Amino acid sequence: MSEPLVFRFDVDGDDFTSAGQASVQVKKNLRQLGLLPEIIRRVSIAMYEGEINMVIHAGGGKAEVQVDNECVTIILEDKGPGIKNIEQAMQEGFSTAPDAIRSLGFGAGMGLPNMKRYSDEMNISSVVGEGTKIVMKVFIR
Amino acid sequence: MTISTIKELLDAEVLCSEDSLSRHVYSACGCDLMSDVLAYVKDQGVLLTGLVNPQVIRTALMMDILAIVFVRSKMPTEEMLELANENGIAILSTDKRLYEACGILYSNGLVGNKVKS
Ligand SMILES: Nc1ncnc2c1ncn2[C@@H]1O[C@H](COP(=O)(O)OP(=O)(O)O)[C@@H](O)[C@H]1O
Ligand SMILES: [Mg+2]
């Protein structure tokens, strides 16, 4: 693989029922590529939490997953409200999610910490009123 | 513990992936909070939950969870069953409550999973 493989997804922000579909597809694609289950699991979880966040906090966005010989890179980009205080958002338990989201099983403030835990590198850039871009890397070896 | 033992202990109905009943699970988690599942659960486990929505199946899929037990006779939709079936995740439904169902499995030797830091 000299050229990285790229998978792109539009993440629909109107429908919570479909949230997570892109991550399901990525998991399928990575299994077909024959990556180690542990790597696939880490990529899937990190992306899944990020995808859910785009749906509940940002009205949807775009996801891109690149696979090369070294690592899997997940890029999540939205035009949502942005994150005012990233350090605070990264804390376990911090959440601005409404109760309706909590009753669906999310909104416990564990998403960003989970994304950090399961990726090897994570970088968040966010501008209030403009949107958020999160890049995560999981090294294959 | 095999999935088929879980079915018997909980007097549960198997809704899909019947062919996976002989598989072994090594850990369990009783939880309605999917983010906690994503944070702490090990693979090859069983998830017991009272929450029924597509994200429960997707969460299990992300975590390589082998079986989901819906408590209090909750029934998943066709779409949820389809996704589970495609991925070989067994879906069980029991009329027991979450606390009771977890207690039964625990006292029969299926312990929880250690929190990894
Ligand atoms: N893509 C995003 N756009 C805007 N805000 C976000 C985004 N992702 C996360 N946040 C903010 O960071 C907080 C913490 O996120 P997270 O740890 O995933 O917890 P939760 O999603 O359960 O609220 C969210 O409550 C929200 O305020
Ligand atoms: Mg979140």
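What counts, and where the lines are drawn
Throughout, a residue's number is its position along its own chain's written sequence, starting from 1. Both sets of labels track the order of writing: A upward for chains, 1 upward for ligands. The predicted nature of this model means local features are confined to residues of pLDDT at least 70 and side-chain atom pairs, given and counted, to a pLDDT of 80 or more, with totals for whole chains, interfaces and linings taken over all residues. Values reported for side chains reflect all heavy atoms of the structure, with hydrogen atoms and water molecules removed beforehand. For two strands to pair, DSSP has to find at least two bridges joining them. Strands are runs of DSSP state E lasting at least 2 residues, helices are runs of H or I lasting at least 4, and numbering of each runs from the N terminus. To obtain each axis, a line is fitted to C-alpha atoms, and for helices this fit is confined to the stretch in contact; angles are then taken between N-to-C directions over 0 to 180 degrees. Whether two residues are in contact is decided by their heavy atoms: any pair within 4.5 Å suffices. Exposure categories follow from relative accessible area, calculated using a 1.4 Å probe and restricted to protein chains: below 20% of the type maximum is buried, above 50% is exposed, and the middle band is partly exposed. Two N or O atoms count as a polar contact when they lie within 3.5 Å, although within protein this holds only if one can serve as hydrogen donor and the other as acceptor, and sequence-adjacent residues are included solely when both atoms are side-chain atoms. Each salt bridge in this description consists of a side-chain nitrogen of Lys or Arg and a carboxyl oxygen of Asp or Glu lying within 4 Å of one another. In this classification, Asp, Glu, Lys and Arg are treated as charged, Ala, Val, Leu, Ile, Met, Phe, Trp, Tyr, Cys and Pro as nonpolar, and every other residue, Gly included, as polar. Only a single heavy atom is needed: when it lies within 4 Å of a molecule or strand, its residue is near that molecule or strand. For the accessible areas, the method is Shrake-Rupley and the probe is 1.4 Å, while residue cover comes only from the protein chains on display.

(A) Structural detail: the sheet that holds strand 2 (residues 60-67) of chain A. Residue and element names in this part refer to chain A. Across the sheet, which stays open at both edges, the five strands sit in the order 1-2-3-5-4 with antiparallel pairing between neighbours. A strand with exactly one partner marks an edge of an open sheet, and here the two such strands are strand 1 (5-12) and strand 4 (121-127). Direction aside, neighbouring strands of the sheet carry axes that sit 10° apart on average. Of the strand pairs in this sheet, strand 3 (residues 71-78) and strand 5 (residues 131-139) are connected by eight bridges, and their pairing is antiparallel. The residue of strand 5 that forms the bridge with Glu77 is Lys133. Across the sheet, helix 1 (residues 21-33) is in contact with strand 1 and strand 2; its angle to strand 1 comes to roughly 165°. Lying on the sheet, helix 2 (residues 37-58) is in contact with strand 1, strand 2, strand 3 and strand 5; it crosses strand 3 at an angle near 5°.

(B) Helix 3 (residues 54-63) of chain B, seen in detail. Residues and elements named next belong to chain B. Counting buried residues along helix 3, 10 of its 10 residues qualify, which places the element largely inside the surrounding structure. Within helix 3 the residues assigned to the buried category are Pro54, Gln55, Val56, Ile57, Arg58, Thr59, Ala60, Leu61, Met62 and Met63. Capping of helix 3 at its N-terminal end is provided by Asn53; its side-chain oxygen lies 3.0 Å from the backbone amide nitrogen of Gln55. Just beyond helix 3, the residue with positive phi is Asp64, at close to 60°.

(C) A look at the interface of chain A and chain B. Opposite the 29 residues of chain A that make contact, chain B presents 23 residues. Taken together, the connections running from chain A to chain B amount to four salt bridges. Among the ionic pairs, Lys27(A) bridges to Asp64(B), the shortest N-O distance being 2.9 Å. For the pair chain A and chain B, the number of links is 18 residue pairs in polar contact (both at pLDDT 80 or more). Put simply, the parts of the chain that give the side of chain A that touches chain B at least two residues each are helix 1, helix 2 and helix 5 (111-118) of chain A. Sort the elements by how many residues they give to the side of chain A that touches chain B and helix 2 of chain A lands first, with seven residues. Its residues assigned to classes, the side of chain A that touches chain B comprises 12 nonpolar, 10 polar and seven charged.

(D) The arrangement of the site of ligand 1 in detail. Residues and elements named next belong to chain A. Of all residues adjacent to ligand 1, which total 20 residues, the nearest are Asn53, His57, Ser95, Thr96 and Gly109. Take Gly107: an N or O atom from its main chain is 3.3 Å from an oxygen atom of ligand 1. At 2.8 Å from an oxygen atom of ligand 1 is found a main-chain nitrogen or oxygen belonging to Gly109. In isolation ligand 1 offers 530 Å² of accessible surface; the protein chains occlude 95% of this area. In terms of residue count, helix 2 provides more of the shell around ligand 1 than any other element does, four residues in total. Its residues assigned to classes, the shell around ligand 1 shows 10 nonpolar, nine polar and one charged.

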